[in-house]
Amino acid sequence: MTGDATLLELKELDKSFGGLRVIADLDMVVKEHEIVSVIGPNGAGKTTLFNLITGIYRPDSGEIQLDGRNLVGMAPHKITELGIARTFQTLRLFLNMTVKENVMAAQYGHTKVGVLRSMVRTPGARREEKEIHRLAEEKLGFFGDRLMGYRWDQFAYSLSYANRRRLEIARAMATQARILLLDEPAAGMNPRETHEITELIGKLRDDGGYTILVIEHDMHVVEGISDRVVALDHGVKIAEGSFEAVATDPRVVEAYLGLRKTETK
Amino acid sequence: MNWSLFFDLTVSGLTLGSLYALIALGYSLVYGILKLLNFAHGDVYMIGAFLGWYALHALGGPVNPTFTGAVVLFLMFVVAMLGCGVLGVAIERFAYRPLRNAPRIAPLISALGVSIFLQNSALLIFGAAFRDYDTFDLIGVKTYNIGQLFFSVPQLLTVVAAIGLMVALTLFVARSRLGKAMRSTSFDREAASMMGIDVDRVISVTFFIGSALAGAAGVMFALVFGQIYHFMGFIAGLKGFTAAVLGGIGSIPGAMVGGLIVGLAESYATGYLPQGSTFQNLYVFALLILVILIRPSGLFGKAAISKV
Amino acid sequence: MEQPPDTPRIGVDEWVASVEGKRERYTGPRGAVLKRWERLPPAARVLVFATPAAVFPFLTSGGNLFRYGLFTLVYALLALGLNIVVGFAGLLDLGYVAFFGCGAYMYAILASPQFGNHWQAEAAIPVVVVFTAVVGLLVGLPSRRLLGDYLAILTLFFGQAFVVFVNNANRISFPFVGHADLTGGANGIANIDPFNFFGYRIDSTRKQYYLLLIAVALVLILLMFVNESRTGRAWRALREDPLAAEVMSIPVNRLKLLAFVFGAAVAGLTGAIYGTIATAALPGDYDVGLLITVYAIMILGGFGSIMGIVVGAMIVNNIPKLLHSSANARPLFYGTILLAILVKLRPWRLLAAELGGLVAFGFAIHGIASAAYPRLVDGESIGSGVSARALDHWMLFPKNPVKIADVAYILLVAAIVVYPQLSRVWRAVLLPPLLYLVMFVWENLLLVHIGGATRLILLGAMLVALMNIRPQGLFGTATVEIA
Ligand SMILES: Nc1ncnc2c1ncn2[C@@H]1O[C@H](COP(=O)(O)OP(=O)(O)OP(=O)(O)O)[C@@H](O)[C@H]1O
Ligand SMILES: [Mg+2]
């Protein structure tokens, strides 16, 4: 299934906040049609890694290459246009827009009609608008009937938590990206929904043709989906490989156990 | 080079700058904690000037005061600062607190509403005419000098009192329990409230202090320039905010330095730039744009990174 | 409404349920009307407004058409432009009226005796619109990196700078050309030409009215189209969450600038039209007062609600004009207060008791005052007729109300601040005196200044109240913000 072509490559990536080094000397490769999971205890720097790749933060040093092209310094919307889209751990939907509008808004980058043309609704503008609708419906259709029918015209704020997570994914898909960065897609879901998401991520790769980089805490999900797992701790890559190899790696176990000891949950 | 002009401009710049710094502090303190642009702040300053005027006249007026000049002056400041402080707390309680979780733009509109309300209430009650402070008899027309810098008494008073207030504020924020609570609240409001800090109280105190400083600035302005009117808060508020932005909004030393820069810039622009006395505000505006372009977070501000 | 982002929520959470509950309430006849309204195509919606507006000139006198009709449309057009910037893109632009002024002055320069230019409208209008759009671009450029609030202050400054500039630009010496009187200074530019489209002159109030109506209808439709386009969605997305929008491939900075430019262009167009109506461009017309009026319209109408703006313009333009005479102002004021009490005071017994208490309190106070302090009752109320004379026996009217009423006003503001903090019982007991105080201040102070400060005081109070009650504006859809 997995191709050989390297799609995304991180080279000696570094990022600090104040004195705190959050990503340290990170090298990483994501190949086409691969599903790579990033795991690590809270505060390991996983979300920061996504923020670096999508251009929200600028790395202190190092390179981020997509198809051999360096992304460092590009504006986030450019990076998305080039093919990397993401979801947010904290959910950042456009709450006061409808479900369908959320997905349509994300198609800005690959559509062209300017304001003046849309003001007078030229035939070209109408055609493109129709295409936007079609694509939005297609992407929403990916989630079975979860986001279909009457939900299209509901405001995003009226969605349940799980559906918000789904809509985040649909929105990222609508940007026509090739790589999806999913930040804890199963967080806050019940076991059934978690199972659904696991299957969905597989389907995204198999049917949708996406390459996927996913952050996940739920080890069942990680086990179910990953071609490869990367474990981070304090911004350092401490293990990489198959799920079994990483899950049993003593350093990974210690990183999690060490956390358990200090965190009284 | 005409040095005496230069020194005159410097003195008036320092005076103006002290006023702006005091106003800027109010903006900065509030912005630091609530991330709110308190448009009504300039009008609180105007109300302060009028409260001072009423205090002056309640104490027998400028010519036959009930007490000696120094006591009258002191009481004018006390009345203006207390009155404005209370007003500030009331404004926050009424116009901003109910809107903490509303869309970002709602409190700004509400602030605009308060500003209109205060301005026109002042128009209603004080009338459209200028009011004179006429404090020459009270204070005397003596000047003091530091080398070539000649200060009139109100100017000296303004600069010294402003410095005093700023030192007091800095100490308060750095040392006192409430001041520390203010700092942690401005750093992270939610975390502060989880740590058991009464955030509402901290916000009230912040508004009280900021507004009291504006009230003091209002009286100082009136003492230096002699005349007050109901619309005076608008431009002063604008300059105060410019000062806060220049210095880096949310930063206390930034507000002070920003105030002085704006005051001096305005004063020198008036004296030296073409048609400066007409266009001094435009020059200040240009300065603002320049600083924002070069350093959007201001001279002392930290570049804000929002956590994602 | 804050919820920790990581709390697991299983199934439908209670917050969603409460929102669903709120939406349920919009069913019934009102909901049916709203739904039908939403299903109408844009052109039909515009017709619903435009048809009565087109008939209006035949029903009224020229003076009324000018006062009520023309100005409502000017305000509506102006607010529509502001709506692009604030309502769609969420940028707080406080220099907006300066663009309106730019339009008026630019047209005046192109078509008035000031420079002896008398351009045709079909050439002048595009130039004016493009010119203001470029000014918008220039103002927007340094602003685009700014947080919302910085933008507000920068644009406020710009608006102020504009007024200072036009007030003094008659005295500037320019490099190269030397001295030129660009704006007529404080006197402004007078005798602006009426629009002249290919020889057809728009020179009567009625023609101007129809021109404006066409402009408003056109802009309405264009905006509705844009709103439902890729750009409109991008604007709304960036208003909701600029960072998420940027990451979803929307070039946030460029779109902000675009909104700014379009807003400025609409303001410029309105300015040119206004210039021909007023036949003069005066610096005083483009000051903070107008800014506040336009904001009030947009806020009443609801951020981002295109049709709401037209209604907002009608309200904001016409109610203050009605308020100008005390004969209209009184019923409006008391009507509003009565309505508020009727809605707020629930068991009718309490309502009756409070109103009875108010009447009794008035007579008691009046009785005591006429016995002990005749100074307080030696004046009489404004206006004539039975109701005004009856009021004289109940309300205090000092002959020289100035000092007493001033104190009462300050007392009233303080009382309104303190009142909500009181316990229920105290609130019930103190309501009659509070209402009496309200009426005293109204009759002795506010009504006296009805043409001036009062209007703006009420406007300011209304803005604060509206933000407290409905932050989304009268016609805006409820917005939800979760930190
Ligand atoms: N903008 C920022 N400024 C300062 N510190 C930051 C910033 N963003 C992240 N950090 C810090 O970087 C560290 C890593 O954060 P990050 O969000 O990447 O962790 P994470 O691995 O995603 O954790 P979690 O599993 O809780 O989501 C944390 O200590 C966090 O406090
Ligand atoms: Mg994270």
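Residues numbered from 1 in each chain as written. Chains lettered and ligands numbered in written order. Predicted model: local features only at pLDDT ≥ 70, side-chain atom pairs only at ≥ 80, totals over all residues. Heavy atoms only, no water.

**Quick look at the overall build of chain A**
The helix and strand tally for chain A stands at 10 helices and 10 strands. Its C-alpha atoms give chain A a radius of gyration of 19 Å, near enough to 18 Å, the size a compact globule of 265 residues would have. Its C-alpha atoms give chain A principal-axis dimensions of about 60 × 40 × 40 Å. The 265 residues of chain A split such that 59% are buried. In chain A, of all internal contacts separated by at least 6 residues, the share reaching a separation of at least 24 is 69%. (Helix = DSSP H or I, 4+ residues; strand = E, 2+ residues; numbered from the N terminus. Rg over C-alpha atoms; globule rule 2.2 N^0.38 Å. Buried < 20%, exposed > 50% of the residue type's maximum accessible area, 1.4 Å probe, protein only. Contact = heavy atoms within 4.5 Å.)

**Describing the side chain of Lys100(A)**
Along the chain, the position of Lys100(A) falls in helix 3 (residues 99–105). Setting aside its immediate chain neighbours within four residues, Lys100(A) contacts His133(A), Ala136(A), Glu137(A), Leu140(A) and Trp152(A).

**Here we look at the sheet that holds strand 3 (residues 35–39) of chain A**
All names here are of chain A. With respect to topology, 6 strands assemble into an open sheet ordered 6-7-8-3-9-10, the strand pairing being mixed. Both edges of this open sheet fall to strand 6 (84–86) and strand 10 (236–241), since each of them pairs with a single strand only. For this sheet, the mean angle separating the axes of adjacent strands, direction not counted, is 20 degrees. Sheet strands touched by helix 1 (residues 46–53): strand 3, strand 6, strand 7 (179–183), strand 8 (211–215) and strand 9 (228–233). Its angle to strand 8, the strand with the most contacts, is close to 145 degrees. (Pairing = 2+ DSSP bridges. Axes fitted to C-alpha atoms, helices over the stretch in contact; angles between N-to-C directions.)

**Points about the coordination of the magnesium ion (ligand 2)**
All names here are of chain A. Within the protein, Thr47 (OG1) and Gln89 (OE1) serve as the donor atoms for the magnesium ion (ligand 2), at 1.8 to 2.2 Å. Of the two residues, Thr47 is situated in helix 1 and Gln89 in the loop between strand 6 and helix 3; the sequence distance between them amounts to 42 residues. On the accessibility criterion, Gln89 (18% relative accessible area) is buried. (Donors = N, O, S within 2.8 Å, 3.2 Å for Na, K, Ca; no water.)

**A short note on unusual backbone geometry**
All names here are of chain A. Even without being a glycine, Asp67 presents a positive backbone phi close to 55 degrees. Assessed through its relative accessible area of 45%, Asp67 is described here as partly exposed. Backbone geometry at His234 places phi at a positive 50 degrees, although glycine is not the residue there.

**Re the sheet that holds strand 1 (residues 6–17) of chain A**
Here 4 strands make up an open sheet; going across it, the order is 2-1-4-5 (chain A) and the pairing antiparallel. Edge strands, defined here as strands with exactly one partner in the open sheet, are strand 2 (20–31) and strand 5 (69–70) of chain A.

**Section: the domain arrangement of chain C**
Split into domains, chain C comes out as domain 1 (40–322) and domain 2 (328–451). Inter-centroid distance (C-alpha atoms) of domain 1 of chain C to domain 2 of chain C is 41 Å. (Domains from an automatic or database assignment.)

**Observations regarding the packing of helix 1 (residues 3–34) of chain B against helix 11 (residues 252–272) of chain B**
Two quantities define a packed helix pair, namely the angle between the helix axes and the distance between the axes. Residues and elements named next belong to chain B. Packing of helix 1 against helix 11 brings their axes to within 6 Å, and their N-to-C directions diverge by 145 degrees. Helix 11 is crossed by helix 1, and the crossing has right-handed handedness. Residue classes in the contact of helix 1 with helix 11 are distributed as 18 nonpolar, 10 polar and 1 charged. (Left-handed = near helix turned anticlockwise from the far one by under 90°. Nonpolar A, V, L, I, M, F, W, Y, C, P; charged D, E, K, R; others polar.)

**Examining the environment of Val202(B)**
Residue and element names in this part refer to chain B. The topology assignment puts Val202 in helix 9 (residues 199–225). Along the primary structure Val202 and Gly179 are separated by 23 residues, whereas in three dimensions their C-alpha atoms are 8.6 Å apart. With residues up to four places along the chain from it excluded, the contact list for Val202 reads Ile33, Ala181, Met182, Thr185 and Ile197.

**Remarks on the pairing of strand 3 (residues 149–152) of chain B**
Side chains Leu149(B) and Phe151(B) project from strand 3 of chain B onto a buried face, and the interleaved Phe150(B) and Ser152(B) project onto a face without burial. Between strand 2 (residues 143–146) of chain B and strand 3 of chain B, which follow one another and run antiparallel, lie 2 residues, and Gly147(B) among them has a positive phi close to 60 degrees.

**Some details on the pattern of salt bridges**
Opposite charge on two side chains permits them to pair, given that their charged atoms come into close proximity. Counted under the stated rule, the structure contains 24 salt bridges over all chains. Each of Glu34(A), Arg228(A), Lys237(A) and Glu240(A) takes part in salt bridges that share partners, so that together they form one network. (Salt bridge = Lys/Arg side-chain N within 4 Å of Asp/Glu carboxyl O.)

**Concerning the site of ligand 1**
All names here are of chain A. As a matter of local geometry, ligand 1 sits amid 16 residues, with Gly43, Lys46, Thr47, Thr48 and Gln89 nearest to it. Between ligand 1 and Gly45, the relevant distance is 2.9 Å, taken from an oxygen atom to a main-chain nitrogen or oxygen of the residue. Within the side chain of Gln89, one N or O atom sits 2.8 Å away from an oxygen atom of ligand 1. Contact with the protein chains removes 77% of the 640 Å² of surface that ligand 1 exposes when unbound. Of all elements in the fold, only strand 2 and helix 1 reach the threshold of two or more residues within the shell around ligand 1. Here the shell around ligand 1 gets 3 residues from one element, more than from any other, and that element is helix 1. Of the residues contributing to the shell around ligand 1, the split by class is 6 nonpolar, 7 polar and 3 charged. (Near = heavy atom within 4 Å. Polar contact = N/O pair within 3.5 Å; in protein donor to acceptor, adjacent residues only side chain to side chain. Areas by Shrake-Rupley, 256 points an atom, 1.4 Å probe, with all protein chains shown as cover.)

**Quick word on the interface of chain B and chain C**
Across the contact, 49 residues belong to chain B and 55 residues belong to chain C. Across the chain B to chain C interface the summed buried area is about 4900 Å²; carbon plus sulfur atoms make up 77%. In terms of surface lost to chain C, no three residues of chain B exceed Phe94(B), Ile109(B) and Leu124(B), which account for 14% of the buried area on that side. For the pair chain B and chain C, the interface holds 0 salt bridges. In this structure, the connection of chain B to chain C is made through 2 residue pairs in polar contact (both at pLDDT 80 or more). (Buried area = accessible area lost by both parts, 1.4 Å probe.)

**Quick look at a nonpolar patch on the surface**
All names here are of chain C. Among the surface-exposed residues, Val130, Val134, Leu137, Leu138 and Leu141 lie close enough to one another that they form a single nonpolar patch of about 410 Å² accessible area. Among the secondary structure elements, Leu138 is positioned in helix 6 (residues 121–143). When its relative accessible area of 56% is taken as the criterion, Leu138 is described as exposed. (Patch = residues over 30% accessible without salt bridge, like charges linked within 9 Å, V, L, I, M, F, W, Y side chains within 5 Å.)

**Observations regarding the confidence of the model for chain C**
Residue and element names in this part refer to chain C. On average, residues of chain C carry a pLDDT of 82, and 88% of them reach 70 or more. Under a pLDDT of 50 for its full length, residues 1–25 has, in the predicted model, 39 contacts with residues more than four places off or in other chains. Two summary scores accompany this predicted model of the complex, namely pTM at 0.83 and ipTM at 0.91. (pLDDT = per-residue confidence, 0-100.)

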